[in-house]
Amino acid sequence: MSDAHEVARRSAEAMWSADTASTGLGMVLEQVAPGEARVSMRVRPDMVNGHDLCHGGLVATLADSAFAVACNTYGEVTVASGFEIDLLEPARLGDTLTAQAREVVRRGRSGLYDVTVRRGDTVVAEFRGRSRSLGRPVPGA
């Protein structure tokens, strides 16, 4: 394992262990590498809206969680400076959603990341996040 992969793993573990929002929603960190992350979540009864669909805000939260892990894989505290999401297909009770984040570009303190949320082979949403490094180490990494 390269040093970069070890930094990514340690950074993700430190951050994920303190992320009660993501873990409280039942999200699972499945994979991490420099500039990449995969996070999954099963849609529970308390996640559906009045149309019996997964609330779009929770799909965005899943994508945001994968984005957060991916942009923090370099050992520096990095936060979102903004994002946009396109919801393409509905998710329903019992569906398992998987968010795959990948770095598009990282220059200086800024980064751009794309996240695809899928239900199996079906693309549910596309997310683009903008990140900003705060220039300090990830605590515990």
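Remember, it's a predicted structure, so these values are computed and weren't measured experimentally.

Draft legend 1. Summary view of the overall build of the chain. Check the secondary structure of the chain and you find 3 helices and 6 strands. The secondary structure elements of the chain, listed N-terminal to C-terminal, are α-α-β-β-α-β-β-β-β. Taking 14 Å as the expected radius of gyration for a compact globule of 141 residues, we find that the chain reaches 15 Å, a close match to that expectation. Relative to its full complement of 141 residues, the chain shows a buried share of 38%. Contacts spanning at least 24 positions in sequence make up 65% of the contacts within the chain whose residues lie at least 6 apart. Here the chain carries 16 positive and 18 negative side-chain charges, and the mean point of each set is 4 Å from the other.

Draft legend 2. Geometry of the nonpolar core. By size, the foremost hydrophobic cluster in this structure holds 29 residues, and its most contacted members are Met-27, Met-41, Val-59, Leu-62, Leu-97, Val-115 and Val-117. Among the elements of the structure, helix H1 (3–17), strand S2 (36–42), helix H3 (56–71), strand S4 (96–107), strand S5 (110–119) and strand S6 (122–137) are those that each provide at least two residues to this core. Considering every element that reaches this core, the biggest residue donor is H3, with 9 residues. When residues no more than four places from it in sequence are discounted, the contact partners of Met-41 are Leu-25, Gly-26, Met-27, Met-47, Leu-58, Leu-62, Asp-95, Thr-96 and Leu-97.

Draft legend 3. Spatial organisation of unusual backbone geometry. Its identity is not glycine, yet Asp-52 carries a phi of approximately 65 degrees, on the positive side. Relative to the helices and strands, Asp-52 resides in the loop between S2 and H3.

Draft legend 4. View of the packing of aromatic side chains. The full count for this structure, using the stated rule, is 3 aromatic pairs. Joined through ring pairs, the aromatic side chains of Phe-67, Phe-83, Tyr-113 and Phe-127 make up one cluster. Directly above the ring of Tyr-74 sits Arg-106, whose terminal nitrogen or CZ lies 3.6 Å from the centroid.

Draft legend 5. Looking closely at the pairing of S2. Bridge analysis of strand S1 (residues 28–33) against S2 gives 5 bridges, and the strand direction is antiparallel. Paired with Val-32 across the strands is Ala-37, a residue of S2. Between S1 and S2, which pair antiparallel in sequence order, lie 2 residues; one of them, Gly-35, sits at a positive phi of approximately 75 degrees. Here 7 bridges tie S2 to S4, and the two strands are oriented antiparallel to one another.

Draft legend 6. Summary view of the pattern of salt bridges. Enumeration according to the criterion identifies 7 salt bridges in this entry. Between Asp-114 and Arg-128 there is a salt bridge, with the nearest N and O atoms lying 2.6 Å from each other. Of this pair, Asp-114 sits in strand S5 while Arg-128 is found in strand S6, placing the two residues 14 residues apart along the sequence. Asp-114 sits in the buried class, given a relative accessible area of 16%. Exposure remark for Arg-128: the relative accessible area of 32% places this residue in the partly exposed category. The network of salt bridges with common partners includes Glu-6, Arg-9 and Glu-13.

Draft legend 7. View of the sheet that holds S2. Here 6 strands make up an open sheet; going across it, the order is S1-S2-S4-S5-S6-S3 and the pairing antiparallel. What marks the edges here is a single partner per strand, and that holds for S1 and strand S3 (76–87). Adjacent strand axes in the sheet meet at a mean angle of 20 degrees, parallel and antiparallel pairs treated alike. Sheet analysis places S5 next to S6, joined by 10 bridges and oriented antiparallel. Paired with Leu-112 across the two strands is Arg-130, which belongs to S6. Docked against the sheet, H1 engages S1 and S2, running at close to 155 degrees with respect to S1. In the packing of H3 onto the sheet, contacts are made with S1, S2, S3, S4, S5 and S6, and the angle to S6 comes to roughly 45 degrees.

Cut-offs applied
- Residues numbered from 1 in each chain as written.
- Predicted model: local features only at pLDDT ≥ 70, side-chain atom pairs only at ≥ 80, totals over all residues.
- Heavy atoms only, no water.
- Helix = DSSP H or I, 4+ residues; strand = E, 2+ residues; numbered from the N terminus.
- Rg over C-alpha atoms; globule rule 2.2 N^0.38 Å.
- Buried < 20%, exposed > 50% of the residue type's maximum accessible area, 1.4 Å probe, protein only.
- Contact = heavy atoms within 4.5 Å.
- Lys, Arg positive; Asp, Glu negative; His and termini not counted.
- Charge placed at Lys NZ, Arg CZ, Asp CG, Glu CD.
- Core = buried A, V, L, I, M, F, W, Y, C linked by side-chain atoms within 4.5 Å.
- Phe/Tyr/Trp six-rings, centres within 6.5 Å; stacked < 30°, edge-to-face > 60°.
- Lys NZ or Arg CZ within 6 Å of the ring centre and 35° of its normal.
- Pairing = 2+ DSSP bridges.
- Salt bridge = Lys/Arg side-chain N within 4 Å of Asp/Glu carboxyl O.
- Axes fitted to C-alpha atoms, helices over the stretch in contact; angles between N-to-C directions.

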